There are 4 protein chains.
Amino acid sequence: MMKPTATLLISCPDKRGLVAKFANFIDANGGNIIDADQHTDFEAGLFLTRIEWLLEGFNLPKDLIGAAFNSIAQPLGAKWDLHFSDTVPRVAIWVSRQDHCLFDLIWRNKAKEFNADISLIISNHPHLQAVAAQFGIDYYHIPMTKDNKQEQEIKQLELLQEYKIDLVVLAKYMQVISADFITKFPQIINIHHSFLPAFIGANPYHRAFERGVKIIGATAHYATADLDAGPIIEQDVVRVSHRDTVEDLIRKGKDLERIVLARAVRSHLQNRVLVYGNKTVVFE
Amino acid sequence: MMKPTATLLISCPDKRGLVAKFANFIDANGGNIIDADQHTDFEAGLFLTRIEWLLEGFNLPKDLIGAAFNSIAQPLGAKWDLHFSDTVPRVAIWVSRQDHCLFDLIWRNKAKEFNADISLIISNHPHLQAVAAQFGIDYYHIPMTKDNKQEQEIKQLELLQEYKIDLVVLAKYMQVISADFITKFPQIINIHHSFLPAFIGANPYHRAFERGVKIIGATAHYATADLDAGPIIEQDVVRVSHRDTVEDLIRKGKDLERIVLARAVRSHLQNRVLVYGNKTVVFE
Amino acid sequence: MMKPTATLLISCPDKRGLVAKFANFIDANGGNIIDADQHTDFEAGLFLTRIEWLLEGFNLPKDLIGAAFNSIAQPLGAKWDLHFSDTVPRVAIWVSRQDHCLFDLIWRNKAKEFNADISLIISNHPHLQAVAAQFGIDYYHIPMTKDNKQEQEIKQLELLQEYKIDLVVLAKYMQVISADFITKFPQIINIHHSFLPAFIGANPYHRAFERGVKIIGATAHYATADLDAGPIIEQDVVRVSHRDTVEDLIRKGKDLERIVLARAVRSHLQNRVLVYGNKTVVFE
Amino acid sequence: MMKPTATLLISCPDKRGLVAKFANFIDANGGNIIDADQHTDFEAGLFLTRIEWLLEGFNLPKDLIGAAFNSIAQPLGAKWDLHFSDTVPRVAIWVSRQDHCLFDLIWRNKAKEFNADISLIISNHPHLQAVAAQFGIDYYHIPMTKDNKQEQEIKQLELLQEYKIDLVVLAKYMQVISADFITKFPQIINIHHSFLPAFIGANPYHRAFERGVKIIGATAHYATADLDAGPIIEQDVVRVSHRDTVEDLIRKGKDLERIVLARAVRSHLQNRVLVYGNKTVVFE
């Protein structure tokens, strides 16, 4: 098992000496950097970096690191997030009828592919109640209609608060989240069953079949008010041919959805994803 | 070297006994089938097949095969094309300023990856004249403006006739072909520098960069009046990351464009591509 | 749901008229061919074909088809297998300690990605008893040691007979099967956690890490006496880098193993795999 | 065009504060770091990093940077290389009969995909003399036999010195280089036409065909005395099937060889490849 670490995700206007400044902060406090990666977007004039160091031997207690770092970050106009690997994030999985992504995420978490506490499942259907029960995860059936969206989203928000959820994973939830909801709870990863921006919206596999594409894909992205337009975290594809029916595309797509969503969730939970503008930097 | 063969590409309403009927026609005339593949589109109720047999030992002379087969095809309402591997198709390559696809196609033809006679290069720019000269291929500079499209297309059509061209390959020609032209000469393969239907139209790499996609692609398709909407022959993709600039996407895209276009041209020249509706069956 | 079909897998010495002969047999008995594919290995002088037709409207009862076809096959020196899509094959899954392939195969079968009756799990460890129980599948713990291999294999064979097993899937069983066992029960698919023939044998991920490869793979193949040398059914790969530890390779490899094994099992259960020599033809 | 930069490739025993130390050296001398990447091999206890900064505004003249940095590096027991982006490396391409990699490298260099001076072609055959002439590159035909290897390698070394070559690219040279030669000139990149370590040695495509693999690959690596065992820089693969003849594998392999070799050469010329033990870190 890895020793506990702290991770800083920083974005700030590019200027000379940033690497040294940030590294010196860690070093001056006795921290041993085990991973540091950076990216400069020259068009945006933006410097983005991820720095991970061992808490062992670090002189600052966890609750003082933020304030100490801020005294360096503020003058630079830097935005930053601080994460600790020994704080287990609490995850809610939202599903509809399909179980493949749900099963996959639960299995990977049990297999320690991520370090999450999956403590809540929300669905607009009752179908996957049994799966939740089988793994001892609380399941709430919150049916959505044209008319009840607003009050149901209030219930959903209350549940996220009650369960102290850090991340919502839309594991084939198949419902649009309101802009208002996303403003109140922005940490949402969605899996879209196409190679965005191709086939935005409904029934992408049917439309891919009609278009006669030779490759299909899946895209994991942060949910935004603008449907399927959020920052892309991960994508992958698989080859198809005229022999593949719509059902075959759906079947092949499920494998993509499972893997692409899992990679995106893992990168997010390891604090490797830095969002800026409508893009992501994924520090691998 | 392969022995000369005949190839039938057939599409007809699906009914019982088609495989036997077609196979018997070849067999009854002493033909030895070396490759036969089929596909049934159950939704369209369509049977599509490719049959290739050795001309050696076949009792019908080449110029009588069509008529003989038609007596079988007509009652079935079948559409069909007949091709002979010892007839070398004449190919025109249309280019703009970029040379990577042009070089690649010429190199592959010299390397016998296809069996084509590349006898004509048409460009709206003079830039690649030297390349044409270097390989001894006739080069015509036909500049296109908003105003002269119609008369220039007439010149282009005359050249295709003069050179008895069977296939036009748009190797980064970067110009829209008029619907009228395509009606008169439909055998046109285009390489589009994106993973269609994503980023239809201009500057796909810039838009892919802005969208922050994690994978880019290229698509080879038959040209149609509706821009970038023609039947797709081949697609492929390559992974990109935040580290890739627009220039990197363009560089990686060039490799995709070369390979995807070459595969599509090769499949077409081997008479493996059967178009129906807005789709292709590529018999590999 | 697809209508019931019959499928013939045939390999015989290549000669003129085979396509017609086989198609006529189906046609003459009122069968409607829905899929026919063929391959000729010119070096081996071998013709290999897969023909699938609807049982509906076919004049021969299922139990007479074999004898009737044999009267055609025998003079041609053809080897053939006959399968019916409404006969559900009985599958045994053999496991060791790892559960990812087991879960995946069970999930896919429930999701109707294949049409199998998974009725038996055999393991040399007790670890996955609970998984078997959870899905109501009989589980037998048959520990293997250097000394007891022979008698334990007898037990295993008895179980395969008792459960009328058609196919054994080694889902990370991690034990060598004796040549004698394979002779008695040859229908065994194994997943090897490397891109064969690279890293044959033990600990491929550790050796891939030491070798510093940039891509790792997985291979599904039929088990043979010669370890990891059996006919390959399916392979796939994933890109890795210096950032990937051995644990990362193992994690990424699990995704490959699940998908590659599932594809191979599916192709086999759909009677799309024809073995000849030490190779396979997979009719897709 | 990018402004001139300096790049340090450093490997040293891992200890606390290395990132800060190296960054401070650049910063203290007024350098603006535009790219910094690092990797820690915890098993080897080794810290590896690549730091690139703008020469513009850097206070040390180019010829003093090495000495200045060494005063920091030596106490740390660090190995390091210093490169300048405005020094154009001189490259020799060695070929045999096949031209696809040669054409590709020359084309990419003209297209500014790398920044190299390709000034020498050496071959054991006369076949590609014309290609060299066409692009105005000196070509030396140095035939190799069992008996003359030693004296011919002396000629080759003399040419490398005469032309001040920094890097030799074996673009399908198909000859083993002696251990003695490699000791004298270690900067050699080779393209091996298989997915190493599969099919080490001769005729990999024939052996891949016989083995019935479903995927083939290519590997670019640094040449070492031990044939095909050198540090791997880049690999890629392509899917094949039973329909592919040996000729098809060779054709598909050529596309892989071109792309894999080009990527490896580009990474090397951009000073992104750090070799340690028998492995590489490729800082992308």
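In case you missed it, the structure is sitting above this.
In what follows, the accompanying structure is described. (Residues numbered from 1 in each chain as written. Chains lettered and ligands numbered in written order. Predicted model: local features only at pLDDT ≥ 70, side-chain atom pairs only at ≥ 80, totals over all residues. Heavy atoms only, no water.)

## Re the overall build of chain A
A tally of regular secondary structure across chain A gives eight helices and 13 strands. Expected size for 284 residues packed as a compact globule is a radius of gyration near 19 Å; at 20 Å, chain A falls within 12% of this value. With the C-alpha coordinates aligned to their principal axes, the bounding extent of chain A is approximately 60 × 40 × 40 Å. Classification of the 284 residues of chain A by burial places 62% in the buried group. As displayed, chain A has an accessible area near 11,500 Å², and 53% of this comes from carbon and sulfur atoms. (Helix = DSSP H or I, 4+ residues; strand = E, 2+ residues; numbered from the N terminus. Rg over C-alpha atoms; globule rule 2.2 N^0.38 Å. Buried < 20%, exposed > 50% of the residue type's maximum accessible area, 1.4 Å probe, protein only. Areas by Shrake-Rupley, 256 points an atom, 1.4 Å probe, with all protein chains shown as cover.)

## Section: the packing of helix α7 (residues 204–211) of chain C against helix α8 (residues 246–269) of chain C
Residue and element names in this part refer to chain C. Packing of α7 against α8 brings their axes to within 9 Å, and their N-to-C directions diverge by 125°. Compared by their axis directions, α7 and α8 come out oblique. For the crossing formed where α7 meets α8, the hand is right-handed. Touching Tyr205, His206, Ala208 and Phe209 of α7 are Val246, Leu249, Ile250, Gly253, Lys254 and Glu257, all from α8. Broken down by class, the residue content of the contact of α7 with α8 amounts to six nonpolar, two polar and two charged. (Axes fitted to C-alpha atoms, helices over the stretch in contact; angles between N-to-C directions. Parallel < 35°, antiparallel > 145°, perpendicular 65-115°, else oblique. Left-handed = near helix turned anticlockwise from the far one by under 90°. Contact = heavy atoms within 4.5 Å. Nonpolar A, V, L, I, M, F, W, Y, C, P; charged D, E, K, R; others polar.)

## Quick look at the environment of Ala44(D)
Its place among the elements puts Ala44(D) in the loop between β2 (32–41) and β3 (46–54). The spatial distance from the C-alpha of Ala44(D) to the C-alpha of Pro13(D) is 8.5 Å, given a sequence separation of 31 residues.

## Some details on helix α1 (residues 18–28) of chain C
All of the buried residues along α1(C) are Leu18(C), Val19(C), Ala20(C), Phe22(C), Ala23(C), Phe25(C) and Ile26(C). In the core, the buried residues of α1(C) are packed alongside α1 (18–28) and β2 (32–41) of chain B together with β1 (5–13), β2 (32–41), β3 (46–54) and α2 (62–76) of chain C. One or two residues past the end of α1(C) sits Gly30(C), with phi positive at roughly 80°.

## Some remarks on the relation of the copies chain C and chain B
Relative to chain B, chain C is turned by 180° and slid 0.0 Å along the rotation axis, the superposed coordinates differing by an RMSD of 0.0 Å. Taken together, the rotation angle and the small translation identify this as a two-fold axis. Looking at chain C, 100% of its interface residues are interface residues in chain B too, so the copies touch through the same face. (Least-squares fit on C-alpha atoms with pLDDT ≥ 70 in both.)

## A word on the interface of chain C and chain D
The interface is formed by 35 residues belonging to chain C together with 35 residues belonging to chain D. Carbon and sulfur atoms make up 52% of the surface buried where chain C meets chain D, a total of about 3,000 Å² over both sides. By the criterion of area lost to chain D, the three top residues of chain C are Arg211(C), Lys214(C) and His242(C), representing 24% of everything that side buries. Counting the contacts that link chain C with chain D gives six salt bridges. Among the salt bridges present, the one from Arg239(D) reaches Glu234(C), with a minimum N-O distance of 3.1 Å. At the surface where chain C touches chain D, the tally comes to 22 residue pairs in polar contact (both at pLDDT 80 or more). Among the secondary structure elements, those contributing two or more residues to the side of chain C that touches chain D are β2, α7, β11 (232–239) and β13 (279–282) of chain C. Element by element, the count of residues in the side of chain C that touches chain D is highest for β11(C), at seven residues. Of the residues in the side of chain C that touches chain D, the class split is 15 nonpolar, eight polar and 12 charged. (Buried area = accessible area lost by both parts, 1.4 Å probe. Salt bridge = Lys/Arg side-chain N within 4 Å of Asp/Glu carboxyl O. Polar contact = N/O pair within 3.5 Å; in protein donor to acceptor, adjacent residues only side chain to side chain.)

## Quick notes on the pairing of strand β13 (residues 279–282) of chain B
Residue and element names in this part refer to chain B. The alternating pattern of β13 places Lys279 and Val281 on one face and Thr280 and Val282 on the opposite face, and all of these are buried. Sheet topology note: the strand β12 (residues 273–276)/β13 ladder contains four bridges and is antiparallel. Residue pairing across strands places Val273 opposite Val282, the latter belonging to β13. Where β12 folds back onto β13 in an antiparallel hairpin, the turn is made up of two residues, including Gly277, whose phi is positive at roughly 55°. (Pairing = 2+ DSSP bridges.)

## Things to note about the environment of Leu167(B)
Residue and element names in this part refer to chain B. Relative to the helices and strands, Leu167 is located in strand β8 (residues 167–170). Since its relative accessible area comes to 1%, Leu167 is described here as buried. Considered as a pair, Leu167 and Arg90 are 77 residues apart in the sequence and their alpha carbons are 6.6 Å apart. Excluding anything up to four places from it in sequence, Leu167 contacts Arg90, Val91, Ala92, Phe185, Gln187, Ile188, Ile189, Val265, His268 and Leu269.

## Notes on the side chain of Asn190(A)
Topologically, Asn190(A) is positioned in strand β9 (residues 188–192). Asn190(A) gets classed as buried once you look at its relative accessible area, which sits at 13%.

## Regarding the environment of Leu227(D)
Topologically, Leu227(D) is positioned in the loop between β10 (215–222) and β11 (232–239). Look at Leu227(D) and you get partly exposed, because its relative accessible area is 42%.

## Remarks on the interface of chain C and chain B
Chain C puts 19 residues into the contact, and the matching count from chain B is 19 residues. Counting the surface lost from both chain C and chain B, the interface buries some 1,600 Å², and carbon and sulfur atoms represent 51% of this. Counting across the chain C and chain B interface gives two salt bridges. Residues Asp27(B) and Arg16(C) are paired through a salt bridge, measuring 2.8 Å at the closest nitrogen-oxygen approach. One can count three residue pairs in polar contact (both at pLDDT 80 or more) joining chain C with chain B. Among the secondary structure elements, those contributing two or more residues to the side of chain C that touches chain B are α1 and β2 of chain C. Sorting elements by how many residues they give to the side of chain C that touches chain B places β2(C) first, with eight residues. Partitioned by chemical class, the residues of the side of chain C that touches chain B number seven nonpolar, seven polar and five charged.

## Quick look at the pattern of salt bridges
Scanning all chains against the criterion turns up 89 salt bridges over all chains. Salt-bridge contacts for Asp248(C) lead to Arg266(A); the nearest nitrogen and oxygen are separated by 3.8 Å. Highlighted residues: Asp248(C) in helix α8 and Arg266(A) in helix α8 (residues 246–269), drawn from two different chains. In this structure, Asp248(C) and Arg266(A) share a single accessibility class: buried. Asp35(B) is the partner of Arg50(B) in a salt bridge, and the nearest nitrogen-oxygen pair spans 3.6 Å. In this pair, Arg50(B) sits in strand β3 (residues 46–54) while Asp35(B) sits in strand β2, placing the two residues 15 residues apart along the sequence. Exposure remark for Arg50(B): the relative accessible area of 2% places this residue in the buried category. For Asp35(B), a relative accessible area of 13% translates into the label buried. Salt bridges sharing common partners tie together Asp35(B), Arg50(B), Glu52(B), Arg272(B), Asp37(C) and Arg243(D).

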